[in-house]
Amino acid sequence: MRGTLMLATGVALVPLILVIYYLLYKGLSSWSGSFFSTDPTGNFFGNPGGIRSAIFGTLEIVALASLLAIPIGIAVALYLTEYGKEGWFANLVRYFVDVMTGVPSVVFGLFIYIVLVISHAGGSGFAGWKGALALALLMLPIVIRSSEVVLLLVPGSLREAALALGAPRWRIVWRVVLPTARSGLVTGSLLAVARGMGETAPLLFTVSLATAATANLNGLMNSLPLQIYTDITSPRDVIVARAWGAALTLVALVLILNVIARLISRRSSMA
Amino acid sequence: MIPPETTSKEPKEMSAAEERSQQAEAAPDLAAMGEQRKGHGVKVRDLHAYYGAVHAVRGVDIDFPANEVTAIIGPSGCGKSTMVRCINRMHEEIPGARSEGSVTLDELDVYGAGVDVTAVRRMIGMVFQKPNPFPTMSIFDNVAAGLRLSGTKSDNLRERVHRALRAVGLWGEVKNRLNSPGIGLSGGQQQRLCIARAVAVEPEVILMDEPASALDPIATLKVEELIDELKSRYTIVIVTHNMQQAARVAKSTVFMLDGEVVEHDETTKLFTRPADERTERYVTGKFG
Amino acid sequence: MEASATTATGVRSRLERTPAARLPDQVLQAGLTTLAVLILGLIAYFFVRLIGQSSDALNKFGFSFIFGNDWDISRNIYHGAPLVIGTLITSAIALIIGVPVAVATALYVTELCPRRFRGALGMLVDLLAAVPSVVYGLWGVFVLGPKLLPVEKWFANTFSFIPFVGGGGSSITAPNYFIAGLILAIMILPIVSAIAREVLATVPAENKEAALALGATRWEMIRMTVLPYARPGITGGAMLGLGRAIGETIAVVLVIGNAATIGHHLFNQGYSLAAVIANEFNEAANQPLHSSALFAAGLVLFVLTLLVNILARWFVRRGTRGMRAPETDSGDAASASVASAGVA
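Residues numbered from 1 in each chain as written. Chains lettered and ligands numbered in written order. Predicted model: local features only at pLDDT ≥ 70, side-chain atom pairs only at ≥ 80, totals over all residues. Heavy atoms only, no water.

Here we come to the overall build of chain B. In terms of regular secondary structure, chain B is built from eleven helices and ten strands. Looking at chain B as a whole, 51% of its 288 residues qualify as buried. Considering only residue pairs separated by 6 or more positions, chain B has 68% of its internal contacts joining residues 24 or more positions apart. (Helix = DSSP H or I, 4+ residues; strand = E, 2+ residues; numbered from the N terminus. Buried < 20%, exposed > 50% of the residue type's maximum accessible area, 1.4 Å probe, protein only. Contact = heavy atoms within 4.5 Å.)

Given below as structure tokens:
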């Protein structure tokens, strides 16, 4: 029986190994200086260009999404642990946040499309910031749940000691709870960011695709997942090769974030 | 049980007869297990046990005579539980734990090469401090658990489960709800259920690791009464921190300290005229 | 604190907080509560808008939207049975393949594997969740699909007597239900495994000991005590995996073939609710009925995943609470570890 289970575990890991192998095998050859420094040209013939705008776009969109999701997420988690606690309302919020983690990413994209894109809110149809909003909605429940777990790990005795010293609630939160939970919060946030970085569907309906690098979040932008998605179905081999290179880049970014997050959580005493 | 009498029996007398039969069912009835068997003794020789680098049991030699109750007493951390767990080879289940020495059940060393550890555990049963009936199983299935592991067929199974429940005096209390969950019983009943589970496979030896310490006084009394009955068929080793309990149930007692046996003697003698000074200090409550 | 005269007013002035000093706390509480209310409001708003956009198609097609088999863009008819069936088939494949492997992995990591490898193995399995779905799609299109095609053909020929799985002949193509289901299985594996590991860890050690002391082998002990105890929780984990499989869009749209028919064979092309939205989105941009149909597909998807998730969470909570009064509620830890492991 031990053998069967060990075999099953091996089987589970085979896809991971194969994916990474093929990413390296087919993607590394695309990597070059120009790969990272030129934008995709969008032309069917001729030089397909690199993925610079995709990288920039992803960084910009994910940064904005994180700026929204992480503070709000931690704030809601704070509400749940410090104020709401076991009350009926807090439990209701928890329940729905839990359920929200199961909502498919495509639904978030559709939602923003309906509410913001069709209506041309902000003077534009597709826009980078709308995509960021969709991603933020996706990341929010993840940040809330993981932050709540971490905040709950802060020993009650610490809070009590601070209360006994006569500190007001907000100061306890700011000076005792948050610093103690800091590494756990960072870990949870990094994992949420890694998740947001890899999502395609929400961007498909909110940002669409552009080829030029741009800092204008109020218009079309490129992004790594969308670039890959579009390139996969191309009949030209060089473009498909570019997709592999871009995929390798994306996975590298995501894995780095994951590894950093786990290293932080391992080192901290709250792990 | 009671042969049907003429119908002119008054209701009051009937209920007295019923009461008596109920009491009979509540008392441990080891005769239910069948004909008397002679038990087997255990000899522990030069036993050492380790948790990683910690030397918890240091060279212990004890004889546990057949069909007798031997108690092991000593302060917390003296190694009594560890030593007992070496007898049925449960100690080695703990990661990083190992043992050396020999434990013989009637001349067979349970640590010998080629000995099947699961067979050892079927011959040397164990009852734990905290009652641990299987929560997903009914009362019947709990008692049957050990029997099913050894492949007992179902007719034989039912009979042996009933016998075990009678033997521990639980039959009257549970006969009408054998299919209800094992954890639905009270603490004392759960512990007797665990004893029934151990007895059902008909081991040679029963090890009990502080079996009553989680129970209330009345339940404790019932368990002790049961132990007294059980010794007629099994060899029993009971770890206890309760000296009065040792005095009540055990013929001989071993006093352990810091992983070693300090004294091993007849219970009354150990408690009233201990040979070793450390034993005297312990039993008079000066420490531990 | 300086020593000061404890006159009545002196004490009161030290004890009372001025309204100004109380303000930050009140603001914080009010602010955070509002935020929490907004979250709930958002979800409700979701629903309302989505229903609004779907109403055209739903009104026009009624139940045929789900049960009718005729998804034809050229005639502007949107009966979505191929979508629903495709979703069900691929999710079923994902569960059949993914759950046993995930549970086996969890069992190995928690019960049988040498202690020092446990953390690393767990982390590796969790990393499966870190790979973005578009990368799985890429890999599926260019590696898994083509490489498995000969195997699929051999399988169909050898087992041609089994309906649905066997036979098929020339209709076997590289993008198909099976590849989609297989990729979904890989994607849900980390989720189910993470929850299974949490649940397996809650089995009380004393029950495992009791089984061993009765003479059970390791595997007998697992079968007797661990698996029955963990079953509700693992069921919940499997359902969470199901929810993920139902909603996965990008990986599926790349490897299922996007054929608006109900494939008769495991290795045929098909469609799914999520895939149709991604695939026909651009085309439907200026077609009101088509768009409405896509939104309706999104609505069905949303409701489906909500239901599955609600049921799943109930199971997981029941499973990690176990059958005794817990000292801590490990149900939250399980859900949160799932959340941070990268669950959709």
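After that view of the structure, there is still more to cover.
Within chain A, the secondary structure is distributed over eleven helices and zero strands. Ordering the α and β elements of chain A from the N terminus gives α-α-α-α-α-α-α-α-α-α-α. In terms of principal-axis extent, the alpha carbons of chain A reach across some 70 × 60 × 35 Å. Counting the 271 residues in chain A, one finds 58% classified as buried. In chain A, of all internal contacts separated by at least 6 residues, the share reaching a separation of at least 24 is 71%.

A separate point is the sheet that holds strand β2 (residues 54-64) of chain B. Residues and elements named next belong to chain B. An order of β2-β1-β4-β5 is seen for the four strands of this open sheet, with the pairing classed as antiparallel. In this open sheet, the two edge strands, each paired with only one partner strand, are β2 and β5 (108-109). In this structure, strand β1 (residues 42-51) lies alongside β2, joined through eight bridges in antiparallel fashion. Counted as the bridge partner of K43 is D63 from β2. (Pairing = 2+ DSSP bridges.)

It is worth spelling out empty space enclosed by the protein at this point. Evaluated as defined, the whole model comprises eight cavities of 30 Å³ or more. The space that makes up the second largest cavity amounts to roughly 90 Å³. Lining the second largest cavity are 13 residues, and of these A:S105, A:E199, C:G247, C:E248 and C:T249 sit closest to its centre. It is helix α9 (residues 218-247) of chain C that contributes the most residues to the lining of the second largest cavity, three residues altogether. Looking at the lining of the second largest cavity residue by residue, the classes come out as four nonpolar, five polar and four charged. (1 Å grid on protein atoms, 1.4 Å probe; cavity = no way out; pocket = protein on both sides within 12 Å on 5 of 7 lines; lining within 4 Å. Points joined across faces, edges and corners; volume = space filled by probe spheres on them. Nonpolar A, V, L, I, M, F, W, Y, C, P; charged D, E, K, R; others polar.)

Below, the discussion takes up the packing of aromatic side chains. With the rule as written, the count across this model stands at 29 aromatic pairs over all chains. A centroid spacing of 5.8 Å and a plane angle of 75° characterise the contact between A:W88 and A:F89, whose relative ring orientation is edge-to-face. According to the relative accessible area criterion, A:W88 is exposed, its value standing at 69%. Taken together, a centroid distance of 5.3 Å and an interplanar angle of 75° make the contact between C:W314 and C:F315 edge-to-face. An aromatic cluster is present here, built from A:F108, A:F111, C:Y45, C:F46, C:F47 and C:F302 joined pairwise through their rings. Here B:R98 stacks its cationic end above the ring of B:Y50, 4.0 Å away from the centre of that ring. In this arrangement the basic side chain of C:R116 is found over the ring face of C:F117, its NZ or CZ atom lying 5.0 Å from the centre. (Phe/Tyr/Trp six-rings, centres within 6.5 Å; stacked < 30°, edge-to-face > 60°. Lys NZ or Arg CZ within 6 Å of the ring centre and 35° of its normal.)

Next up on the list: unusual backbone geometry. Residue and element names in this part refer to chain B. The phi angle at E210 is positive, at roughly 50°, despite the residue not being glycine. Within the fold, E210 resides in the loop between β7 (205-209) and α8 (217-230). Non-glycine residue D258 carries a positive phi angle of around 50°. Position of D258 among the secondary structure elements: in the loop between β9 (252-257) and β10 (260-266).

There is about 680 Å³ of room inside the second largest pocket. Contributing to the lining of the second largest pocket are 26 residues, with B:E93, B:P95, C:L212, C:R218 and C:M221 lying nearest its centre. Mapped by element, the contributors of at least two residues to the lining of the second largest pocket are α3 (117-123) of chain B together with α4 (81-112), α5 (115-127), α7 (177-201), α8 (205-213) and α9 of chain C. Broken down by element, the residue count for the lining of the second largest pocket peaks at five residues, all from α8(C). Residue composition of the lining of the second largest pocket, grouped by class: ten nonpolar, four polar and twelve charged.

Another aspect to go through is the confidence of the model for chain B. Residue and element names in this part refer to chain B. When the pLDDT values of chain B are averaged, the result is 86; 89% of them are 70 or greater. Under a pLDDT of 50 for its full length, residues 1-12 has, in the predicted model, three contacts with residues more than four places off or in other chains. Interface confidence in the predicted complex, given as ipTM, is 0.89; pTM for the same model is 0.82. (pLDDT = per-residue confidence, 0-100.)

On to the interface of chain B and chain C, then. On the chain C side, the residues contacting the 23 residues of chain B number 19 residues. For the pair chain B and chain C, the summed buried surface comes to about 1,800 Å²; carbon and sulfur atoms form 65% of the total. Taken as a group, B:F134, B:T136 and B:L149 account for 29% of the area that chain B buries against chain C, more than any other trio of residues on that side. Linking chain B with chain C are three salt bridges. (Buried area = accessible area lost by both parts, 1.4 Å probe. Salt bridge = Lys/Arg side-chain N within 4 Å of Asp/Glu carboxyl O.)

The pair of protein chains exhibiting the most contacts, out of two pairs of chains in contact, is chains A and C. Separated in space, chain A and chain B share no contact, their closest pair of C-alpha atoms being 16 Å apart.

Now for the side chain of B:D209. Residues and elements named next belong to chain B. For D209, the position within the fold is in strand β7. Using a relative accessible area of 5% as the deciding quantity, one classes D209 as buried. Beyond its immediate chain neighbours, meaning those up to four positions away, D209 contacts S81, R85, V127, F128, Q129 and V239.

Residues and elements named next belong to chain B. Along the chain, S102 falls in strand β4 (residues 97-105). Counting along the chain gives 41 residues from S102 to D61, while the straight-line C-alpha distance between them is 9.4 Å. Every residue in contact with S102, bar those within four places of it in the chain, is listed here: K43, V44, R45 and D109.

With that settled, consider the interface of chain A and chain C. Quoted interface sizes are often the accessible area lost when the parts come together. Residue-level contacts link 75 residues of chain A with 76 residues of chain C. Between chain A and chain C the total buried area reaches about 7,300 Å² when both faces are included, carbon and sulfur atoms providing 80% of it. Area buried by chain A at its contact with chain C is led by A:L5, A:I114 and A:I232, which between them contribute 8% of it. On inspection of chain A and its partner chain C, the count reaches one salt bridge. Among the salt bridges present, the one from C:R313 reaches A:D98, with a minimum N-O distance of 3.3 Å. At the boundary of chain A with chain C, the tally comes to four residue pairs in polar contact (both at pLDDT 80 or more). Among the elements that line the side of chain A that touches chain C, the one with the most residues is helix α1 (residues 2-27) of chain A, at 13 residues. Per-class residue counts for the side of chain A that touches chain C are 61 nonpolar, seven polar and seven charged. (Polar contact = N/O pair within 3.5 Å; in protein donor to acceptor, adjacent residues only side chain to side chain.)

This part is about the sheet that holds β10(B). All names here are of chain B. The sheet built from six strands is open, its strands ordered β6-β7-β8-β3-β9-β10 with mixed pairing. Because the sheet does not close on itself, it has two edges, and the strands there are β6 (124-127) and β10. On average, each strand axis in the sheet is inclined to that of its neighbour by 20°, with strand direction left out of account. Examined bridge by bridge, β9 and β10 share six bridges and lie antiparallel to one another. The residue of β10 that forms the bridge with L257 is E260. Packed onto the sheet, helix α7 (residues 187-200) meets β6 and β7 and runs at close to 175° relative to β6. (Axes fitted to C-alpha atoms, helices over the stretch in contact; angles between N-to-C directions.)

Once that is clear, we can look at the packing of helix α11 (residues 237-267) of chain A against α5(C). As a packed pair, α11(A) and α5(C) sit with axes 12 Å apart at the nearest point and diverge in direction by 145°. Crossing of α11(A) against α5(C): the hand is right-handed. Contact with α11(A), carried on its side by A:L255, A:N258, A:R262 and A:R266, involves C:M123, C:D126 and C:L127 of α5(C) and no other residues of that element. Taken together, the residues of the contact of α11(A) with α5(C) break down into three nonpolar, one polar and three charged. (Left-handed = near helix turned anticlockwise from the far one by under 90°.)

All names here are of chain A. Put simply, helix α6 (residues 128-153) and helix α8 (residues 169-197) touch, their axes get as near as 9 Å, and they point 150° apart. In this view, α6 runs roughly antiparallel relative to α8, as classed from their interaxial angle. Crossing handedness for the pair α6 and α8: right-handed. Within the contact between the two elements, α6 uses L135, L138, M139, I142, V143, S146, S147, V150 and L151 and α8 uses V177, A181, G184, L185, G188, A192, V193, R195 and G196. Classifying every residue of the contact of α6 with α8 gives twelve nonpolar, five polar and one charged. (Parallel < 35°, antiparallel > 145°, perpendicular 65-115°, else oblique.)

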